[in-house]
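Summary of the model geometry
In case you want the letters, here they are:
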Amino acid sequence: MTNRNEDTIATRISRILADRIVTGVMEPGTKLRQDHIAEEFGTSHVPVREAFRRLEAQGLAVSEPRRGVRVASFSLKEVREVAEMRAALEVLALRHAAPHLTPSILNEAEKATTEADNARDLRSWEEANRRFHRLILTPCGMPRLLAAIDDLHAVSARFLFATWRSNWEAKPDHDHRSILAFLRQGKTENAAAVLGRHVQRIGQKPMKNTSGSLPSTFAIVG
């Protein structure tokens, strides 16, 4: 069993490694070397192993017999699976969150959407987009559900960076504004329907990767 200090270190290591994987700094198939990472973070192997387990639980790493832990690859099938899961879980969260959404929360969500529309780079857009989803879903008060959604967002972000790293450009998100309009009118089911369709657009349009690092990449809009 890890102590609290080791758990804190493991959390930090897994967060930093997840960011490297999501943004493409660490590419699919890259070996995660326990000794190198322990040395980098000035710690023992115990929190590093725990960090690896967390990355595996997020679908960002895989443990292979005799090959150790590597950055997970992904396919169009996996992209669509994540989209289906996110749609189902986010709609569930929104239905529970809607009665607790205040005008202040909705205004913050609109601000996040505006920031995403005006983002100058992909990372800024992804952060603003994720903040929008968190703002409208967090009031559901279901921490396990929200943790699962957070993990799926990380995987979605990874697909996004793989697809648009070189030729991304910001576009107005009409779905987000439609969701907000319905929520302000108290039309939860209409908002949920738009949210479900919005998220499921992930992976619907395979396209050629300009960098050539993947055989195909995926449309990510949610």
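1. Description of the overall build of the protein chain
A count of helices and strands for the protein chain gives nine helices and two strands. Secondary structure elements of the protein chain occur, N-terminal to C-terminal, as α-α-α-β-β-α-α-α-α-α-α. Buried residues in the protein chain amount to 45% of all 222 residues. In the protein chain, the share of contacts with a sequence separation of at least 24, taken over all contacts with a separation of at least 6, comes to 72%. Surface accessibility of the protein chain: about 11,800 Å² in total, with carbon and sulfur atoms responsible for 51%.

2. A word on the packing of helix α4 (residues 76–97) against helix α9 (residues 188–200)
Interaxial distance between α4 and α9 falls to 8 Å at its minimum, and their mutual angle equals 160°. Regarding the angle of α4 to α9, the classification is roughly antiparallel. The hand of the α4/α9 crossing is right-handed. Of α9, the residues touching α4 (which contributes Ala83, Glu84, Arg86, Ala87, Glu90, Val91, Leu94 and Arg95) are Thr188, Glu189, Ala191, Ala192, Leu195, Gly196, Val199 and Gln200. Residues belonging to the contact of α4 with α9 are distributed by class as follows: eight nonpolar, three polar and five charged.

3. Comments concerning the packing of α4 against helix α6 (residues 122–137)
Contact geometry for α4 and α6: axes closest at 8 Å, N-to-C directions at 45°. Classified by the angle between their axes, α4 and α6 sit oblique to one another. Residues Arg86, Glu90, Ala93, Leu94 and Ala97 of α4 touch α6, and the partners they reach there are His133, Ile136 and Leu137. By residue class, the composition of the contact of α4 with α6 is five nonpolar, one polar and two charged.

4. Let's talk about the pattern of salt bridges
It is possible for side chains bearing opposite charge to pair when their charged atoms get close. Within this structure, the stated rule accounts for 17 salt bridges. The salt bridge partner of Glu64 is Arg67, with a shortest N-O separation of 3.3 Å. Accessibility expressed as a relative area gives 26% for Glu64, which makes it partly exposed. Notably, a salt bridge pairs Arg134 with Asp150, separated by 3.2 Å at the nearest N-O pair. One end of the pair, Arg134, is in helix α6; the other, Asp150, is in helix α7 (residues 143–164), and 16 residues separate them in sequence. The exposure class assigned to Arg134 is partly exposed, which follows from its relative accessible area of 40%. Residue Asp150 is classed as partly exposed on the basis of its relative accessible area, which comes to 28%. Here the salt bridges do not stand alone but share partners, grouping Glu110, Asp117, Arg177 and Arg184 into one network.

5. Brief notes about the pairing of strand β2 (residues 68–71)
Pairing between strand β1 (residues 61–64) and β2: four bridges, direction antiparallel. Residue pairing in the sheet places Ser63 in a bridge with Val69 of β2. Hairpin connection from β1 to β2: three residues lie between these consecutive antiparallel strands, with Arg66 at a positive phi of about 65°.

6. A short note on the nonpolar core
Core analysis: the largest hydrophobic core is formed by 62 residues, its most contacted members being Leu32, Leu55, Leu94, Ile136 and Leu183. In this view, Leu55 contacts Ser14, Leu17, Ala18, Ile21, Leu32, Leu60 and Ala61; residues no more than four positions away in its chain are not counted.

7. Structural notes on unusual backbone geometry
Backbone geometry at Arg66 places phi at a positive 65°, although glycine is not the residue there. Its place among the elements puts Arg66 in the loop between β1 and β2. Taking the relative accessible area as the measure of exposure, Arg66 reaches 85% and is therefore exposed.

8. What to know about the environment of Arg184
Looking at the secondary structure, you find Arg184 in helix α8 (residues 174–184). Residues Arg184 and Leu106 lie 78 residues apart in sequence; the distance between their C-alpha atoms is 7.7 Å. In this structure, Arg184 is in contact with Leu106, Asn107 and Glu110, ignoring residues within four places of it in sequence. Here the side chain of Arg184 touches Asn107 through a polar contact of 2.9 Å, side chain to side chain.

Thresholds, definitions, all that
Residues numbered from 1 in each chain as written. Predicted model: local features only at pLDDT ≥ 70, side-chain atom pairs only at ≥ 80, totals over all residues. Heavy atoms only, no water. Helix = DSSP H or I, 4+ residues; strand = E, 2+ residues; numbered from the N terminus. Buried < 20%, exposed > 50% of the residue type's maximum accessible area, 1.4 Å probe, protein only. Contact = heavy atoms within 4.5 Å. Areas by Shrake-Rupley, 256 points an atom, 1.4 Å probe, with all protein chains shown as cover. Axes fitted to C-alpha atoms, helices over the stretch in contact; angles between N-to-C directions. Parallel < 35°, antiparallel > 145°, perpendicular 65-115°, else oblique. Left-handed = near helix turned anticlockwise from the far one by under 90°. Nonpolar A, V, L, I, M, F, W, Y, C, P; charged D, E, K, R; others polar. Salt bridge = Lys/Arg side-chain N within 4 Å of Asp/Glu carboxyl O. Pairing = 2+ DSSP bridges. Core = buried A, V, L, I, M, F, W, Y, C linked by side-chain atoms within 4.5 Å. Polar contact = N/O pair within 3.5 Å; in protein donor to acceptor, adjacent residues only side chain to side chain.

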